Amino acid sequence: MAKDRKKRKEIKRKLLHKYRLVILNENTFEEKISFKLSRLNVFVTGTLFIIVLIGLTTLLIAFTPLREYIPGYSSTRLKRQATELTYKTDSLVTVLNYTNRYLDNVRLVLRGDIENNETNRDSLFEKYKLDPSTVDLTPIREDLLLREEVELEDKYNLFERNVENVGSLLFSPSNGTLSQTFDPKTKHFAVDVVAPKDSPVKSIADGTVLFAEWTSATGYVIIIKHQDALTSVYKHNGSLSKSQGDLVKAGEVIASIGNTGELTTGPHLHFELWKNGKPVNPLNYIDFN
């Protein structure tokens, strides 16, 4: 017991024993600076210095761009680029899916392979039919005021006419005789116009050429996209005067009547008209006479 106590006193004495640190001039041995130190002071001071140094280093690395130079840390620029690339990739995937669906529709147009979904038009309008006896046709005050306002506006418009639907008029693609008309039951989603060989084939409206190439079944084919979700298809042409991506005007010559392709039976134009991705009867939109 006494031995342990003596040992502890010895350790305490060594820790608290005073030392003097003297800095001398080497040439003159003149004392410049002196410090009174003990082992305990040196240990405590060194420990605090190391703790402060570690804290400052941690803060410097954590809150400054210096951390980017340490292996394992990602830079802010790389994170920003990764985020931008993620958004671009997602957008490209969406555009790619849309393009693939659009190309599938174009392939259906070229092959003419589409299901015929017949719909009874009378059943569509049945729920909108009204009994005239149940409708109150007595004009209200607002109606009378509107009539008076319209009459005043049109009173002096002697030369104005409604041209709202002029843009929806379509040109006839070719002058000739119809040999076969639109028949969904036989999957003939077109009209065949018989005309002399090398006669001009014209665009039915303003648009952009989506496809202008040779196919083994239908020869020279050109497909044009128009406004109002309309797409026109011209098959069995003798030659094409437009290329993919060209802008065409209504009535502009885009091809010539021919007899190309394995499915042709003579010089004629196989003309299809599609609206919202579905075939429609061209005779409902174009006067071929």
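Bear in mind that the values here come from a model prediction, so they are computed numbers and not experimental data.

> Mind showing me how you'd approach the environment of Leu108 here?
Structurally, the position occupied by Leu108 is in helix H3 (residues 76-111). For Leu108 and Gly277, which are 169 residues apart along the polypeptide, the C-alpha to C-alpha distance reads 9.4 Å.

> Is there a simple way to think about unusual backbone geometry in this case?
Where the residue is not glycine, phi is negative for most of them; where a peptide bond is considered, it is trans in most cases. One non-glycine residue, Ala229, adopts positive backbone phi at about 60°. Along the chain, the position of Ala229 falls in the loop between strand S7 (219-225) and strand S8 (230-240). With a relative accessible area of 37%, Ala229 lands in the partly exposed category. Notably, Asn276 is not glycine yet its phi reads approximately 55°, a positive angle. Summarising the element assignment, Asn276 is placed in the loop between strand S11 (268-275) and strand S12 (278-280).

> Whenever I open this one, the layout of surface pockets confuses me. Can you help?
Of the voids in this model, the second largest pocket is the one considered here, and its volume is about 410 Å³. Forming the boundary of the second largest pocket are 23 residues, of which His188, Thr218, His236, Leu263 and His270 lie nearest the centre. Of all the elements in the fold, those that place two or more residues in the lining of the second largest pocket are H3, strand S3 (177-180), strand S4 (191-194), S8 and S11. Counting residues per element, the lining of the second largest pocket draws most heavily on S11, which supplies three residues. Counted by class, the lining of the second largest pocket contains six nonpolar, 12 polar and five charged residues.

> What is the right way to look at the pattern of salt bridges in this model?
One side chain can pair with another of opposite charge once the charged atoms of both are near each other. Taken as a whole, this structure holds three salt bridges when the rule is applied. A salt bridge links Asp104 to Arg107; the shortest N-O distance between them is 2.8 Å. With a gap of three residues between them, Asp104 and Arg107 both fall in helix H3, about one helical turn apart. Close ionic contact of Glu252 with Lys242 constitutes a salt bridge, the shortest N to O distance being 2.5 Å. You can see Glu252 sitting in the loop between strand S9 (247-248) and strand S10 (253-257) and its partner Lys242 sitting in the loop between S8 and S9, a full 10 residues away along the chain. For Glu252, a relative accessible area of 25% puts it in the partly exposed group. Among the residues examined, Lys242 registers a relative accessible area of 18% and is labelled buried.

> Honestly, the nonpolar core in this entry has me stumped. Any pointers?
In globular proteins that are soluble, nonpolar side chains generally tend to be buried together. By size, the foremost hydrophobic cluster in this structure holds 23 residues, and its most contacted members are Ile204, Tyr234, Ile254 and Phe271. Elements with a contribution of two residues or more to this core: S4, strand S6 (207-215), S7, S8, S10 and S11. In contact with Ile254, other than residues within four places in its own chain, are Val201, Lys202, Ser203, Ile222, Ile224, Tyr234, Leu240, Ser241, Lys242 and Val248. In this structure, Val106, Val221, Ile223 and Val233 belong to the second largest nonpolar core, which totals seven residues.

> Looking at this model, I keep getting lost on the confidence of the model for the chain. Mind explaining?
In low-pLDDT segments, the atomic positions of the prediction should not be examined closely. Scored by pLDDT, the chain has a mean of 81; 81% of the residues are at 70 or more. Across residues 158-167 the pLDDT falls below 50, and counting only partners more than four positions away or on other chains, this stretch makes zero contacts in the model.

> Looking at this model, I keep getting lost on the side chain of Lys235. Mind explaining?
By the element assignment, Lys235 lies in strand S8. Here the side chain of Lys235 touches Glu272 through a polar contact of 3.1 Å, side chain to side chain.

> Mind showing me how you'd approach the pairing of S10 here?
Remark: a regular strand shows side chains that alternate across the two faces of the sheet. When you tally the buried positions in S10, you get four out of five residues, the bulk of the element. Sheet analysis places strand S5 (residues 200-202) next to S10, joined by three bridges and oriented antiparallel. Its bridge partner being in S10, Val201 is matched across the sheet by Ala255.

> Can you walk me through a nonpolar patch on the surface in this structure?
A cluster of nonpolar residues, Ile11, Leu15, Leu16, Leu40, Phe43, Val44, Leu48 and Ile51, forms a patch on the protein surface that exposes about 730 Å² of accessible area. Sorting the residues of the nonpolar patch by element identifies helix H1 (2-16) and helix H2 (39-62) as the ones contributing at least two each. Ranked by residues supplied to the nonpolar patch, first place goes to H2 with five residues. Inspection of the secondary structure puts Leu40 in helix H2. For Leu40, a relative accessible area of 33% puts it in the partly exposed group.

Rules used in this analysis
Residues numbered from 1 in each chain as written. Predicted model: local features only at pLDDT ≥ 70, side-chain atom pairs only at ≥ 80, totals over all residues. Heavy atoms only, no water. Helix = DSSP H or I, 4+ residues; strand = E, 2+ residues; numbered from the N terminus. Buried < 20%, exposed > 50% of the residue type's maximum accessible area, 1.4 Å probe, protein only. 1 Å grid on protein atoms, 1.4 Å probe; cavity = no way out; pocket = protein on both sides within 12 Å on 5 of 7 lines; lining within 4 Å. Points joined across faces, edges and corners; volume = space filled by probe spheres on them. Nonpolar A, V, L, I, M, F, W, Y, C, P; charged D, E, K, R; others polar. Salt bridge = Lys/Arg side-chain N within 4 Å of Asp/Glu carboxyl O. Core = buried A, V, L, I, M, F, W, Y, C linked by side-chain atoms within 4.5 Å. Contact = heavy atoms within 4.5 Å. pLDDT = per-residue confidence, 0-100. Polar contact = N/O pair within 3.5 Å; in protein donor to acceptor, adjacent residues only side chain to side chain. Pairing = 2+ DSSP bridges. Patch = residues over 30% accessible without salt bridge, like charges linked within 9 Å, V, L, I, M, F, W, Y side chains within 5 Å. Areas by Shrake-Rupley, 256 points an atom, 1.4 Å probe, with all protein chains shown as cover.

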